[in-house]
Structures are given as structure tokens and as C-alpha cells.
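A closer look at the structure
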Amino acid sequence: MADAFVGAAREAERAGAAQSMASRETRWTFGKQPNMTDAEGRFTLTDLSDGKHTLRAHRRGGGEAIAEHVAIGSEVTLTLAPASRLAGLWRCAAARRRRSSR
């Protein structure tokens, strides 16, 4: 998949550390050039510190994939889930009461 954003956050090494924090940190890369996939969906992340990382890929319009506990030098395949759409009818309880009192 071309044109997806890919980010990484180093995971805490201590036991019991909040791992979900790493996936949240991949969302905020202020001041950094975003890592983008190429036309074939490939990417390379550089300048990462030693240790395990959480990788997150997402694209405009929806779709996200997360891989946790990824070691430096690993080859990873991330599959972006398709964006979902919800539809429904919203009704106000007060409007129903007005209709039934006529």
C-alpha cells in the first residue's frame, strides 16, 4: 500500500511498564519528517535506538496497523485494516413524545 505513514516508538524495558504508551507515541512526531511507504508499500525506519519498538502504520482516510515488541533489524509486515463506515438514524425522545401527543 503506497502513501501510508509509518512511525516507531521505543518500548519501556522494565517489567509491567505500560506498553500502550508506545503505540500512542507513534501518533505524535512533531518536528520529524514522516516516514512514508513507497509505491510497493515498503518502508525503512532509521535512527532508532536499541531495544524493542512498537510500529504503527496508518493512512489518510482510515486504516491502521500496529506491531509491538519489534527488534531492530527485524523484517515486519503490517496489514492495514480497511476503514469502516457507520450509518444510522438518530431520533430524539422529545420528538417522539410530541408526535404521540397529537
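Note: the structure precedes this text.
A brief structural summary. The residue numbers shown here count from 1 along each chain, following its written sequence. Predicted model: local features are reported for residues with pLDDT of at least 70 only, side-chain atom pairs are reported and counted for 80 or more only, and whole-chain, interface and lining totals are derived from all residues. Water and hydrogen atoms play no part in the side-chain values, which are based on all heavy atoms of the structure.

1. Looking at the overall build of the protein
Helix and strand assignments come from DSSP, with helices taken as H or I runs of at least 4 residues and strands as E runs of at least 2, each series counted from the N terminus. A tally of helices and strands in the protein yields two helices and four strands. For the protein, the α and β elements follow one another from N to C terminus as β-α-β-β-β-α. Relative accessible area decides the class of each residue, using a 1.4 Å probe on protein chains only: under 20% of the type maximum gives buried, over 50% gives exposed, and in between gives partly exposed. The burial tally for the protein puts 24% of its 102 residues in the buried class. Here, two residues are considered to be in contact whenever any of their heavy atoms come within 4.5 Å of each other. Sequence separation of at least 24 residues holds for 52% of the intrachain contacts in the protein that already meet a minimum separation of 6.

2. What to know about the nonpolar core
By nonpolar core we mean a set of buried residues, namely Ala, Val, Leu, Ile, Met, Phe, Trp, Tyr and Cys, connected to one another through side-chain atoms within 4.5 Å. One finds Ala 4, Val 6, Leu 45, Leu 55, Ala 57, Ala 65, Ala 67, Val 70, Leu 78 and Leu 80 forming the largest nonpolar core, which totals 10 residues. Elements supplying a minimum of two residues to this core: strand 3 (52-58) and strand 4 (64-71). With three residues, strand 4 is the single largest residue contributor to this core. Once residues within four sequence positions are removed from consideration, Leu 78 is found in contact with Phe 43, Leu 55, Ala 57, Ala 65, Ile 66 and Ala 67.

3. Brief notes about the sheet that holds strand 1 (residues 5-10)
As summarised here, the arrangement of the four strands in space is 2-1-3-4, forming an open sheet in which the pairing is antiparallel. Edge positions in the open sheet fall to strand 2 (35-36) and strand 4, since each of these has one partner strand only. Any two strands with at least two DSSP-identified bridges between them are counted as paired. Here strand 1 pairs with strand 2 via two bridges, running antiparallel. Its bridge partner lying in strand 2, Val 6 is registered against Asn 35.

4. Overview of the pattern of salt bridges
Salt bridges are defined by distance alone: a side-chain nitrogen of Lys or Arg within 4 Å of a carboxyl oxygen of Asp or Glu. On inspection of all chains with the given rule, the structure shows three salt bridges. A salt bridge links Glu 40 to Arg 42, with the shortest nitrogen-to-oxygen separation between them at 3.0 Å. The closest approach of N and O atoms between Glu 64 and Arg 56, which form a salt bridge, is 2.6 Å. With relative accessibility at 8%, the residue Arg 56 sits in the buried group. Shared partners join several salt bridges into a network, and the residues in it are Asp 38, Glu 40 and Arg 42.

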